[in-house]
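The primary structure of each chain is shown beneath.
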Amino acid sequence: MKKLVLVLLIVTLAAALPVFAGGGRERESERDYDFVFGKVPYTFEHAYHQSACRTLEEYAAREYNAKVIIIDGEANAEVTLAAIENLIAQGVDAMAMHTGDAGLSAAAVRLAHAANIPIVTTLIRPDIQTAPHIQPMETASSQYMGAEAARQWKAAHPDKPIRVAMLNFGGIPQIWEMRTGAFFDGVKSVDPNAQLVTMLNGYGSTVRSMEVTLDILQANPEVNIIFGANDEMALGALAACEQLGRGKMNDGVPVSEIIAGLDASSAALVKIFDPDSSFKLTHGAVRDVARAEADTMYGMVTGAIPVKEYFETQVLSQPIDFWNTSLAEAQRFLELNFFYTGSLAADVDAARSR
Amino acid sequence: MLKELKLPVLRNRQLPVLAGIILIMIVVLSFMSPNFFKIQNFNNILLKIGIFIIIASAANLIMITGNLDLSVGAVFAFSGILHAYMSKHGVPIAFSIGITCLLAMCWGLLNGVLVGKLKIVPVIATLGTLYIAEGIAFLIARADGGSNIMLGLPGNYTSFGRYMVFGKIPIIIVFVVIAFFLFLFIERKTSLGRFSYAVGANRSAAELSGVNVTKIIMILYVLCSLMAGFCGVLQSSRVGLAAPNVGRMLELYVLIVCVMGGTRMAGGSGTVIGVLLGAIIIGLLENGLNLLGVGHFAQEVGRGVVLIIAVMVQKNSRAVRS
Amino acid sequence: MEDAFIQVRDLVKEFPGVKALKGVSFDIRKGSIHCVVGENGAGKSTFIKILTGAYTKSSGMITLDGEVFEPKSIRDAMNRGISVLYQELNVVDDLTTEENLSLGQEKSTLGFIRKNENTQKVMETIWGMDQTIKLHMPVYSLSVAQKQVIEIAKAINSECSVLVMDEPTASLSEDEVRRLFINIKKLKSKGITIIFISHKLSEIFEIGDYVTVFRDGHMVGDREVRELRASCGSVPESCVELVRMMIGKVVQEEYVPSKVDYSKKVLEVRHLSNRRLSDISFDLYRGEILGFYGLVGAGKTEIGRVLFGIDPYDGEIWVNGDKQTKKGVRSALKNGVAMIPEERRSDGIFSMLSIRENIPMMNIKTVLSKGLISYPKERKVADRFIQKMSIAARDREQSVVFLSGGNQQKVVIAKCLNRESDIILMDEPTRGVDVGAKEEIHNIIRSLSKEGKSVIVFSSELPEVIHLCDRIVLMHEGRIGEIMENRKDIDSDHIMQVIAGGN
């Protein structure tokens with residue numbers, strides 16, 4: 001019996017390994033690279049980070065003949081720091097990190113600098129500003145989204161006051177500045193009387209956000225704009241609305257609420273371009289952020305960019321919404337940012353038939 | 001038969017304590033939030049804890065034998081992903097549900113063989129299964145080309161999970177009721193249930209009484225994985241997406257629900273009625289904190305405090321008994 | 001006695017409901033090897049536990065080297081120079097010899113463990129006893145005898161003046177026993193007092209200076225070994241004398257013969273051997289009550305475990321004419337063999353469950369109707385046994401844990417009887433049971449034989465065996481000494497000779 005189980009386990013392992021290897025792209029094994037870059041994404045569980053890493057790998061190889069070693073941060077401070085240490089130990093030429101914690105970013109920068117390895121941070125600014133930083137311009141796009149959502153609601157329901165609910169990640173202050181707060185600023189720029197009713201933790205997860213939104217709508221049925229600080233959470237909010245008989249639009253005209261998300265992944269865009277769904281806005285930047293990371297790392301390695309000075313590269317986070325973005329533009333965005341190979345129009349049609 | 005099912009409840013002094021805690025919570029929340037005492041809200045609470053109740057009912061029997069299943073969360077996630085993957089690639093929904101449930105049972109069989117036959121410590125054995133199942137869930141998601149499976153699911157994917165029985169009762173709630181009575185029945189009326197208590201109360205005496213301990217443990221693990229797998233399908237179908245990380249911490253919730261319900265971790269005592277009440281306490285707590293708009297970290301503090309208080313109050317009631 | 005090192009005076013230990021020691025007085029001389037013998041429950045282990053600080057006495061006095069000795073804890077007793085070599089050796093298998101020696105006395109400087117200078121000393125002591133043990137050897141690779149050496153060396157180096165050895169020879173080979181004895185004599189020559197506990201009586205005459213016999217909480221004999229041997233003439237004769245003291249006067253109780261059907265052999269055992277047994281052969285007939293009697297460690301329980309499919313064996317067992325091929329408890333049950341285990345608490349009862357739930361556990365079919373548990377049936381079965389065996393309980397829903405020992409034992413028996421097996425093995429059926437319950441259990445056994453069932457009783461109480469059994473198998477150190485017919489005027493003296501290993 002023991003042997004049988006052992007054999008089965010080994011077979012499982014043997015079967016899983018090729019799948020794992022095949023899950024990545026075919027490796028160009030015997031290639032001579034000029035540089036080795038390291039990258040620590042926030043978590044591989046989000047579509048955004050998977051695409052960003054893939055873009056980084058391809059772009060760095062093509063433009064700079066550089067190999068990229070990727071170690072998942074697993075949305076966990078210790079794991080992220082261990083990943084940084086791992087990259088340092090491997091002696092990479094430069095590294096990029098994307099994490100949710102300013103203090104953790106600072107610690108990583110100190111570690112890397114102590115080992116004389118250039119590092120670039122993304123999105124969340126470290127507590128100490130001594131290294132280059134890539135900043136997607138999320139604030140402006142979030143404000144735009146808030147304003148557009150408020151305009152659309154006012155146009156459809158001038159009599160119903162705007163009540164906003166939000167789903168955020170627990171405990172990342174900069175998210176307020178770039179996403180939730182900026183979004184609400186945008187709403188207020190259109191309707192100064194708009195109120196933020198509640199903001200709860202959706203854990204970045206669709207399932208948890210669905211459950212939390214059910215509670216939010218129970219306590220505050222008057223909510224008519226919901227913002228999820230990433231697409232996963234916005235999709236959870238949509239699922240909750242649908243289960244309460246809401247979540248609908250009348251060919252792009254708001255009925256019960258407007259939902260906005262962030263990242264602009266394909267799963268979100270399929271909903272956004274469905275005229276009957278209430279999820280209507282998002283913004284995101286994958287390709288340009290990844291390219292900026294590669295460019296900055298190359299710049300630091302070759303001396304064009306100072307390693308130990310703050311230097312912010314700003315990247316547009318492109319807003320995409322049902323009313324102002326064409327289907328063709330959205331299709332193009334997905335192809336460029338998310339390695340999308342399908343047809344958005346077809347996917348939308350398929351989803352609508354539900 | 002109903003009379004027979006009721007009898008042992010009256011002997012149990014922990015259940016009234018749990019019911020009391022629930023009553024107090026309901027009264028307090030009704031005063032604090034005007035939107036609390038509404039049918040729709042109770043519906044929401046049941047929807048939220050439905051999954052816990054179904055899985056914990058089965059995991060509870062395992063705990064009654066003095067063992068543990070930490071792999072439920074991973075099996076849950078694995079099943080959701082597998083169901084989504086198959087549905088997306090042309091397998092009819094009903095078939096896909098069937099195949100997924102069968103494969104979920106295989107995880108239980110693995111647990112059962114490891115724990116029951118090879119006598120590996122349940123914590124380690126099921127932790128191993130957890131990692132394998134979760135890893136494979138991630139691999140399937142990756143093979144599909146993303147972090148989770150949502151795009152390209154067939155139009156009728158959500159019709160199972162969002163089905164309303166008689167047009168108004170969500171299907172999850174129906175399954176919760178079925179699972180509750182099924183396990184109450186197993187517990188009280190079958191030799192499987194009786195032997196589970198025997199194994200937990202005194203494993204050596206059970207063996208010397210001719211109880212096939214290995215078989216009992218294996219059946220229970222298979223049953224538990226089946227419930228976890230079925231819930232994975234249900235949840236994925238309800239949300240309309242499958243993600244490999246949805247099961248994280250689920251095993252802990254299941255554990256908490258069982259312990260809150262008065263099941264001894266060393267085995268020998270416990271009942272599915274306790275599981276139901278324990279789950280309701282958890283559900284009321286989370287729902288109440290959300291309705292009151294309590295912030296994330298304050299919620300965590302509240303959750304911890306209520307958990308400890310509930311277990312302490314129960315422990316006292318047990319001490320009084322003996 | 002002037003040179004008494006340890007004086008015990010009127011020592012009493014009471015547990016709730018039981019008096020384990022009923023006023024014991026004797027002396028132990030400095031530098032002697034003092035043996036303590038007695039059957040289970042005689043009080044010797046209670047005495048040892050008081051001496052080593054595990055229990056506190058109820059009344060009486062112990063003096064050690066002239067001073068009053070009242071240890072509060074095991075550590076306290078150790079500080080006064082009393083060390084114990086337990087049967088379960090106290091070494092950590094995963095560590096090396098060296099690490100085991102320094103365990104609990106690590107000295108550290110700035111958090112680093114310093115090599116203990118003491119270790120070197122202990123090692124020298126060890127090498128004095130066994131040169132094959134090395135510092136770096138992991139302890140799991142050592143034999144039981146070698147582990148004992150380590151423990152003894154540790155005890156000596158903690159400057160003990162008294163070393164208590166609890167059945168040190170129980171799991172040693174003959175060769176290893178020889179070496180142990182040499183080492184014990186070395187310790188004696190160093191002036192260490194040894195308290196030696198063993199169930200193998202012949203060993204006492206090889207090594208002991210004095211022997212104290214316990215029975216029923218009393219000290220019933222305190223003799224010099226040399227003198228005892230001289231008065232009896234030979235070692236086997238002296239062993240018999242010791243057994244007489246241990247067992248005492250056997251109160252002959254009325255033996256009523258059962259109606260044994262000697263034409264129907266229900267169990268045939270041939271040449272059964274395993275680690276603890278050698279060449280056991282006997283028969284059991286329909287309606288017979290067969291008794292197994294011997295001192296502790298003679299192998300009674302082991303026979304029961306083999307017959308019930310728990311332990312492996314060589315040899316043949318035939319049940320109702322069929323040779324047993326499958327092993328395991330379940331196949332034994334299937335073939336009509338059931339057992340009441342010796343350890344009621346750990347192997348018999350489901351203490352958290354009610355009487356109603358306990359009784360049908362061996363034969364759930366008796367309470368099923370259409371495959372499901374039927375509460376009316378279950379109640380009926382429970383009530384039947386509660387009445388038949390007069391189990392004193394509040395009601396059938398009472399948890400077994402709240403019952404007295406005798407009533408718990410009755411529940412265990414009821415559980416077994418509900419199985420309706422033809423052959424019932426009962427290992428110490430009345431241990432820890434009060435007199436009234438004992439008689440009731442005996443009556444149950446008799447009524448079983450009347451119903452045509454065959455019962456094997458394994459007991460370490462001679463009166464019980466003489467009272468109940470039609471034939472008695474006398475055991476000595478894993479072998480059958482003699483199988484004798486029970487008679488009204490049975491010769492208990494002869495029985496003692498056989499179980500003591502004499503002829």
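This section reports on the structure supplied with the text.

Cut-offs and rules
- Starting afresh in each chain, residues are numbered from 1 along the sequence in its written order.
- Here every chain gets a letter starting at A, and every ligand a number starting at 1, in the order they are written.
- Only residues with pLDDT of 70 or above have their local features reported here, since the model is predicted, and side-chain atom pairs are shown and tallied only from 80 upward, although totals for entire chains, interfaces and linings are computed over all residues.
- With hydrogens and water stripped out, all remaining heavy atoms of the structure feed into the side-chain values.
- For helices the rule is a DSSP run of H or I covering at least 4 residues; for strands it is a run of E covering at least 2, with both sets numbered from the N terminus onward.
- All radius of gyration figures rest on C-alpha atoms, and the globule criterion is 2.2 Å times the number of residues raised to 0.38.
- Under the scheme applied here, a residue whose accessible area is under 20% of the maximum for its type counts as buried, over 50% as exposed, and between as partly exposed, the area being computed with a 1.4 Å probe on protein chains only.
- We call two residues contacting when some pair of their heavy atoms lies within 4.5 Å.
- Accessibility throughout is a Shrake-Rupley quantity obtained with a 1.4 Å probe, and a residue counts as covered only by protein chains that appear here.
- Note that His is not counted, nor are the chain ends; the positive residues are Lys and Arg, and the negative ones are Asp and Glu.
- To locate a charge, the coordinates of NZ of Lys, CZ of Arg, CG of Asp or CD of Glu are taken.
- Pairs of cysteine sulfur atoms within 2.5 Å are what we label disulfides.
- In the sections that follow, a salt bridge refers to a side-chain nitrogen of Lys or Arg positioned within 4 Å of a carboxyl oxygen of Asp or Glu.
- Patches here: salt-bridge-free residues with over 30% relative accessible area, like charges joined within 9 Å, nonpolar side chains (Val, Leu, Ile, Met, Phe, Trp, Tyr) joined within 5 Å.
- Strand pairing requires that DSSP identify at least two bridges connecting the strands.
- Orientation is described by lines fitted to C-alpha atoms, with helices fitted over the stretch in contact, and by angles between N-to-C directions that extend from 0 to 180 degrees.
- Note on terminology: angles under 35 degrees are roughly parallel, angles over 145 are roughly antiparallel, angles of 65 to 115 are roughly perpendicular, and the others are oblique.
- A clockwise turn of the near helix away from the far one marks a right-handed crossing, whereas an anticlockwise turn of less than a right angle marks a left-handed crossing.
- Residues are grouped as follows: Ala, Val, Leu, Ile, Met, Phe, Trp, Tyr, Cys and Pro are nonpolar; Asp, Glu, Lys and Arg are charged; all remaining types, including Gly, are polar.
- Here's the idea: put two parts together, see how much 1.4 Å probe accessible area each one loses, and the total over both is what we call buried area.
- The definition of a nonpolar core used throughout is a set of buried Ala, Val, Leu, Ile, Met, Phe, Trp, Tyr and Cys residues joined through side-chain atoms within 4.5 Å.
- Think of a polar contact as two N or O atoms within 3.5 Å of one another; within protein, one of them needs to be a possible hydrogen donor and the other a possible acceptor, and neighboring residues in sequence only count if both atoms come from side chains.
- Using only the protein atoms, space was sampled on a 1 Å grid; points where a 1.4 Å probe fits but cannot get out form cavities, open sets with protein on both sides within 12 Å along at least five of seven lines form pockets, and lining residues are those with an atom within 4 Å of a point.
- Grid points are joined across faces, edges and corners, and a volume is the space filled by probe spheres set on the points.
- As used throughout, domain bounds are those supplied by an automatic or database domain assignment.

1. Here's the deal with the overall build of chain C
Part 1 of the argument: Looking only at helices and strands, chain C features 18 helices and 24 strands.
Part 2 of the argument: Against the 2.2 N^0.38 benchmark of 23 Å for 503 residues, chain C shows a C-alpha radius of gyration of 25 Å, consistent with a compact globule.
Part 3 of the argument: The principal-axis extents of the C-alpha atoms in chain C amount to approximately 75 × 60 × 45 Å.
Part 4 of the argument: The burial tally for chain C puts 54% of its 503 residues in the buried class.
Part 5 of the argument: At a minimum sequence separation of 6, the contacts of chain C that also span at least 24 residues come to 67%.
Part 6 of the argument: In the form shown here, chain C has an accessible surface area of approximately 22500 Å², with 48% of it arising from carbon and sulfur atoms.
Part 7 of the argument: A gap of 5 Å separates the mean positions of the 70 positive and 72 negative side-chain charges of chain C.

2. Observations regarding unusual backbone geometry
Part 1 of the argument: Even without being a glycine, B:K119 presents a positive backbone phi close to 60°.
Part 2 of the argument: Backbone geometry at C:S390 places phi at a positive 40°, although glycine is not the residue there.
Part 3 of the argument: Within the fold, C:S390 resides in the loop between α14 (375-388) and α15 (405-417).
Part 4 of the argument: The exposure class of C:S390 is partly exposed, given its relative accessible area of 40%.

3. Quick look at the state of the cysteines
Part 1 of the argument: The final tally for this structure, using the stated rule, is 0 disulfides over all chains.
Part 2 of the argument: Not engaged in a disulfide, the cysteine B:C101 finds its nearest cysteine sulfur in B:C231; these two sulfurs lie 9.5 Å apart.
Part 3 of the argument: With no disulfide of its own, C:C416 lies closest to C:C469 among cysteine sulfurs, the gap being 16 Å.
Part 4 of the argument: Judged by relative accessible area, C:C416 falls into the buried class, the value being 1%.

4. So, the pattern of salt bridges
Part 1 of the argument: The full count for this structure, using the stated rule, is 41 salt bridges over all chains.
Part 2 of the argument: Measuring nitrogen to oxygen at the nearest pair gives 3.5 Å for the salt bridge that ties A:D191 to A:K154. Here A:D191, found in the loop between α6 (173-190) and β7 (195-201), pairs with A:K154, found in helix α5 (residues 138-156); they are 37 residues apart in sequence, far enough to count as distant.
Part 3 of the argument: Note that B:R162 is salt-bridged to A:E242, the shortest N-O span being 2.5 Å. Pair noted here: B:R162 is in the loop between α6 (122-144) and β1 (164-165) and A:E242 is in helix α8 (residues 231-243), and the two residues belong to different chains.

5. A look at a positive patch on the surface
Part 1 of the argument: Judged by side-chain charge, B:K215, C:K326, C:R330, C:K334 and C:K365 come together as a positively charged surface patch.
Part 2 of the argument: On the secondary structure map, C:K326 appears in the loop between β17 (322-323) and α11 (329-334).

6. A short note on the pairing of strand β12 (residues 279-284) of chain A
All names here are of chain A.
Part 1 of the argument: For β12, a buried count of 6 out of 6 residues is recorded, marking the element as mostly surrounded by other parts of the structure.
Part 2 of the argument: Looking at chain direction, strand β11 (residues 258-260) and β12 are connected through 2 bridges and run parallel. Residue pairing in the sheet places A260 in a bridge with L281 of β12.

7. Overview of the packing of helix α2 (residues 47-64) of chain A against helix α10 (residues 287-302) of chain A
Residue and element names in this part refer to chain A.
Part 1 of the argument: At a minimum axis separation of 8 Å, α2 and α10 run at an interaxial angle of 45°. As the angle between them shows, α2 and α10 are arranged oblique. Here the hand of the crossing between α2 and α10 comes out right-handed. Contact residues: α2 offers Y48, A52, T55, L56, Y59, R62 and Y64, while α10 offers R287, V289, A290, R291, E293, A294, D295, M297 and Y298.
Part 2 of the argument: Across the contact of α2 with α10, the residue classes tally to 10 nonpolar, 1 polar and 5 charged.

8. Focus: the pairing of strand β22 (residues 454-459) of chain C
Residue and element names in this part refer to chain C.
Part 1 of the argument: When you tally the buried positions in β22, you get 6 out of 6 residues, the bulk of the element.
Part 2 of the argument: By the alternation rule, side chains of β22 split into S454, I456 and F458 and V455, V457 and S459, which are all buried.
Part 3 of the argument: In this structure, strand β15 (residues 289-293) lies alongside β22, joined through 5 bridges in parallel fashion. Its bridge partner being in β22, I289 is matched across the sheet by V455.
Part 4 of the argument: The sheet contact formed by strand β21 (residues 423-427) and β22 spans 5 bridges and is parallel.

9. Thoughts on the interface of chain A and chain B
Part 1 of the argument: Taken together, the 45 residues of chain A in the interface contact 46 residues of chain B.
Part 2 of the argument: Counting each side, the surface lost to burial between chain A and chain B is near 3800 Å², with a carbon and sulfur contribution of 61%.
Part 3 of the argument: In this structure, the connection of chain A to chain B is made through 2 salt bridges.
Part 4 of the argument: One salt bridge connects A:D215 with B:K48, and the closest N-O pair in it is separated by 2.4 Å.

10. Brief notes about the nonpolar core
Part 1 of the argument: Counting residues in hydrophobic clusters, the biggest one holds 237 residues, and the most contacted among them are C:L267, C:F282, C:F308 and C:I456.
Part 2 of the argument: Once residues lying within four places of it in the same chain are set aside, the contact partners of C:I456 are C:L267, C:F282, C:L284, C:L290, C:F292, C:L307, C:I424, C:L425 and C:M426.
Part 3 of the argument: In terms of nonpolar packing, the next biggest core, distinct from the first, is built from 72 residues, A:A52, A:L217, A:L238 and A:A294 among them.

11. Here's the deal with the interface of chain B and chain C
Part 1 of the argument: Counting residues at the interface gives 27 residues for chain B and 29 residues for chain C.
Part 2 of the argument: Put simply, B:R194 and C:E378 hold a salt bridge, and the shortest N to O gap is 2.3 Å.
Part 3 of the argument: Where chain B packs against chain C, one counts 10 residue pairs in polar contact (both at pLDDT 80 or more).
Part 4 of the argument: If you list the elements that add at least two residues to the side of chain B that touches chain C, you get α1 (2-11), α7 (171-189), α8 (191-201) and α9 (203-208) of chain B.
Part 5 of the argument: Sorting elements by how many residues they give to the side of chain B that touches chain C places α8(B) first, with 7 residues.
Part 6 of the argument: Partitioning the side of chain B that touches chain C into residue classes produces 9 nonpolar, 11 polar and 7 charged.

12. Describing a nonpolar patch on the surface
Part 1 of the argument: Nonpolar side chains collect at one region of the surface, where B:I24, B:V27, B:V28, B:F31, B:M32 and B:L292 lie side by side and expose about 610 Å² of accessible area between them.
Part 2 of the argument: Locating B:F31 in the fold gives a position in helix α2 (residues 14-32).

13. Remarks on empty space enclosed by the protein
Part 1 of the argument: All chains considered together, the criterion is met by 7 cavities of 30 Å³ or more.
Part 2 of the argument: One number sums up the size of the largest cavity: a volume of about 250 Å³.
Part 3 of the argument: Lining the largest cavity are 21 residues; nearest its centre among them are A:H49, A:H98, A:L123, A:R179 and A:D263.
Part 4 of the argument: Elements with a contribution of two residues or more to the lining of the largest cavity: α2 and α6 of chain A.
Part 5 of the argument: In terms of residue class, the lining of the largest cavity is built from 10 nonpolar, 8 polar and 3 charged.
Part 6 of the argument: When residues of the lining of the largest cavity are assigned to domains, at least three map to each of domain 1 (34-137 + 286-318) and domain 2 (139-284 + 320-352) of chain A.
Part 7 of the argument: Taken as a whole, the second largest cavity holds about 140 Å³ of empty space.
Part 8 of the argument: Lining the second largest cavity we find 15 residues, and of these C:V306, C:L307, C:G309, C:Q324 and C:A332 sit closest to its centre.
Part 9 of the argument: Listed by contribution, the elements that provide at least two residues to the lining of the second largest cavity are α10 (300-307), β16 (314-319) and α11 of chain C.
Part 10 of the argument: Classifying every residue of the lining of the second largest cavity gives 8 nonpolar, 4 polar and 3 charged.

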